[in-house]
Amino acid sequence: MLDNSVTRAARTVTAPGTTQKGSIRVAAIQMAAGPNVSGNLEEAARLLDMAAAQGAKLVALPEYFCIMGMQDADRVAAREHDNQGPIQEFLSQTAKRLNIWLVGGSVPLVSSRPDKVRNSCLVYDDQGRQVARYDKIHLFGLELGNERYAEEETIEAGCGVVALESPFGRIGLSICYDLRFPELYRSMGKVDIIFAPAAFTATTGKAHWETLIRARAIENLAYVVAPAQGGYHVNGRETHGDSMIVDPWGVVLDRLPRGSGVVIADINPEYQASLRNSLPALNHRTLYHC
C-alpha cells in the first residue's frame, strides 16, 4: 500500500531532525507482518530507518512485528531464548545503528511450557542494550460469529508490571489486550509515556481501539504511543491498524489508518507537567486497592 507517513508527519511535527524546544520526537511503526521472520525484519528495518531519518529518538514496533504465522503454533516454532536469536539481535543492532531507544513490540520467547511462549515487549537503549522486558499479562480471547481467538492456547501469561526510567521520562509497558484493564496502568505508578503495541482485530478495533487509547492517556495524564498491525495478512487475518500517538489531554497527535508507515509526533514534558499541575487528578486518587 502507498506509504504516506512522510507527508502526514509534516503536518504534525517540525522539520525532520529538529524538535520543539524541550520536546522529544517519538514514532510508532505500523506494518502488516507475515509468516516469514526475515521478511518481516527487513520491512521493520525500512520503517525504522524512516522514523530515524525524521528525527525520532524513541521508536516502537507493533505486537507480533516479527511473525504473524499461518497458525498460532508458528509463533512457538519461532521462539527465542532471552538475549539470544536473530529477532533480538536485530532489535539490539538496529537500536545501536540508528542511535535510538527501541521498543520491540512483542517477541516470542521461551516459556516454562514447550508448547507455549511468552509474548514479550523488549526495550533497547541507544547502545543496543536490553533495558526492560515485559511479558504480556492479559491474554486475548474472543468468540464472535466466525471469529475465534484464544491466546492462552499458545501463550503463557506474564505476571509482572513493568515501568522503567529513561532519558525521555518514566515509561510504562503494555501489549494490546492489556488496554482493556486500566488497573494495570494504575499499578505502574506515575508514568509519563505508555506504550501499547498491538494487533487488534478489525472487529474489536473498529469498536474500541481509539476509545481505549485515549482513555488510558486521559486518566493517566500520559502520552500513549500505540503502534499496530494494520491490514490484511497472508494467514487471512485482518488487523485494525490506526496506529496513533495521543497526548495527555486525549488529543490524537498523529495516526495512520491503514497500511505500512510511520506515525510521528513530539512529546513535550513541560506541556505534560502543566496539565498535571492544572488538573492534579493523579494526586486526587483515594482508592488504591487495585
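You'll find the structure just up there.
A few points on the structure.

Rules behind the numbers
Residues numbered from 1 in each chain as written. Predicted model: local features only at pLDDT ≥ 70, side-chain atom pairs only at ≥ 80, totals over all residues. Heavy atoms only, no water. Buried < 20%, exposed > 50% of the residue type's maximum accessible area, 1.4 Å probe, protein only. Helix = DSSP H or I, 4+ residues; strand = E, 2+ residues; numbered from the N terminus. Pairing = 2+ DSSP bridges. Axes fitted to C-alpha atoms, helices over the stretch in contact; angles between N-to-C directions. Contact = heavy atoms within 4.5 Å. Patch = residues over 30% accessible without salt bridge, like charges linked within 9 Å, V, L, I, M, F, W, Y side chains within 5 Å. Areas by Shrake-Rupley, 256 points an atom, 1.4 Å probe, with all protein chains shown as cover. Salt bridge = Lys/Arg side-chain N within 4 Å of Asp/Glu carboxyl O. Core = buried A, V, L, I, M, F, W, Y, C linked by side-chain atoms within 4.5 Å. 1 Å grid on protein atoms, 1.4 Å probe; cavity = no way out; pocket = protein on both sides within 12 Å on 5 of 7 lines; lining within 4 Å. Points joined across faces, edges and corners; volume = space filled by probe spheres on them. Nonpolar A, V, L, I, M, F, W, Y, C, P; charged D, E, K, R; others polar. Parallel < 35°, antiparallel > 145°, perpendicular 65-115°, else oblique. Left-handed = near helix turned anticlockwise from the far one by under 90°. Polar contact = N/O pair within 3.5 Å; in protein donor to acceptor, adjacent residues only side chain to side chain.

### Side note on the pairing of strand S15 (residues 243-246)
Then step 1. On S15, burial covers both faces: Ser243 and Ile245 on one face and Met244 and Val246 on the other are all buried.
Then step 2. Taken together, the three bridges between strand S12 (residues 223-226) and S15 define a ladder with antiparallel strand orientation. Bridge pairing in S15 links valine 225 to isoleucine 245.
Then step 3. With four bridges connecting them, S15 and strand S16 (residues 252-256) associate as antiparallel partners.

### Overview of the sheet that holds S12
Then step 1. The strand order across the open sheet formed by six strands is S9-S10-S11-S12-S15-S16, and the pairing between neighbours is mixed. The open sheet has two edge strands, strand S9 (163-166) and S16, and neither has a second partner. Along the sheet, successive strands turn relative to each other by an average axial angle of 20°, direction set aside.
Then step 2. Packed on one face of the sheet, helix H6 (residues 202-220) meets strand S11 (193-195), S12, S15 and S16 and runs near 20° to S15.

### Quick notes on a nonpolar patch on the surface
Then step 1. On the surface, a nonpolar cluster with roughly 370 Å² of combined accessible area is contributed by Trp249, Val251, Tyr271 and Leu279.
Then step 2. The residue valine 251 is located in the loop between S15 and S16 in this model.
Then step 3. The partly exposed category is assigned to valine 251, whose relative accessible area is 38%.

### Regarding the nonpolar core
Then step 1. Formed by 46 residues in total, the largest nonpolar core has its most connected members in Leu58, Leu173, Ile193, Phe195 and Trp209.
Then step 2. Leaving out residues up to four positions away in the same chain, phenylalanine 195 has contacts with Leu58, Ala60, Val103, Ile171, Gly172, Leu173, Ser174 and Val225.

### Quick word on the layout of surface pockets
Then step 1. The space that makes up the largest pocket amounts to roughly 450 Å³.
Then step 2. Along its surface, the largest pocket is lined by 26 residues, and Asp72, Arg75, Tyr149, Asn235 and Arg237 are the ones closest to its centre.
Then step 3. If you tally residues by element for the lining of the largest pocket, the top one is strand S8 (residues 147-150), at three residues.
Then step 4. The class makeup of the residues in the lining of the largest pocket is 11 nonpolar, six polar and nine charged.

### Notes on the packing of helix H2 (residues 37-53) against helix H4 (residues 86-98)
Then step 1. Where H2 meets H4, the axes come as close as 11 Å, and the angle between the chain directions of the two elements is 15°. In terms of axis orientation, H2 runs roughly parallel to H4. The handedness of the crossing between H2 and H4 comes out as right-handed. Between H2 and H4, the contacting residues are Val37, Leu41, Ala44, Ala45, Leu48, Asp49 and Ala52 on the first element and Pro86, Ile87, Phe90, Thr94, Arg97 and Leu98 on the second.

### Topic: unusual backbone geometry
Then step 1. With a phi angle near 65°, asparagine 83 is a residue other than glycine that sits in the positive phi range.
Then step 2. When you line up the elements, asparagine 83 lands in the loop between helix H3 (73-77) and H4.
Then step 3. Phi at cysteine 176 takes a positive value of approximately 45°, unusual for a residue other than glycine.
Then step 4. Looking at the secondary structure, you find cysteine 176 in the loop between strand S10 (169-173) and helix H5 (182-186).
Then step 5. Judged by relative accessible area, which is 8%, cysteine 176 ranks as buried.

### Describing the side chain of serine 166
Then step 1. Tracing the backbone shows serine 166 in strand S9.
Then step 2. Among the polar contacts made by the side chain of serine 166, one reaches the main-chain amide nitrogen of phenylalanine 168 at a distance of 3.0 Å.
Then step 3. Here glycine 169 takes part through its backbone oxygen, which lies 2.8 Å from a polar atom of the side chain of serine 166.
Then step 4. Excluding its chain neighbours within four sequence positions, the residues that come into contact with serine 166 are Trp101 and Ile171.

### Structural notes on the pattern of salt bridges
Then step 1. For the coordinates displayed, the defined rule picks out 21 salt bridges.
Then step 2. We note a salt bridge from aspartate 266 to arginine 25, for which the minimum N-O separation is 2.9 Å. Separated by 241 residues along the polypeptide, aspartate 266 in strand S17 (residues 261-267) and arginine 25 in strand S1 (residues 24-30) bring together distant segments of the chain. The pair aspartate 266 / arginine 25 is uniform in exposure class, with both members buried.
Then step 3. Two residues, aspartate 135 and arginine 118, come together in a salt bridge whose shortest N-O distance is 2.9 Å. Here arginine 118 lies in strand S5 (residues 117-124) and aspartate 135 lies in strand S6 (residues 130-135), a separation of 17 residues in the sequence.

None of the figures reported here should be taken as evidence of function without further support.
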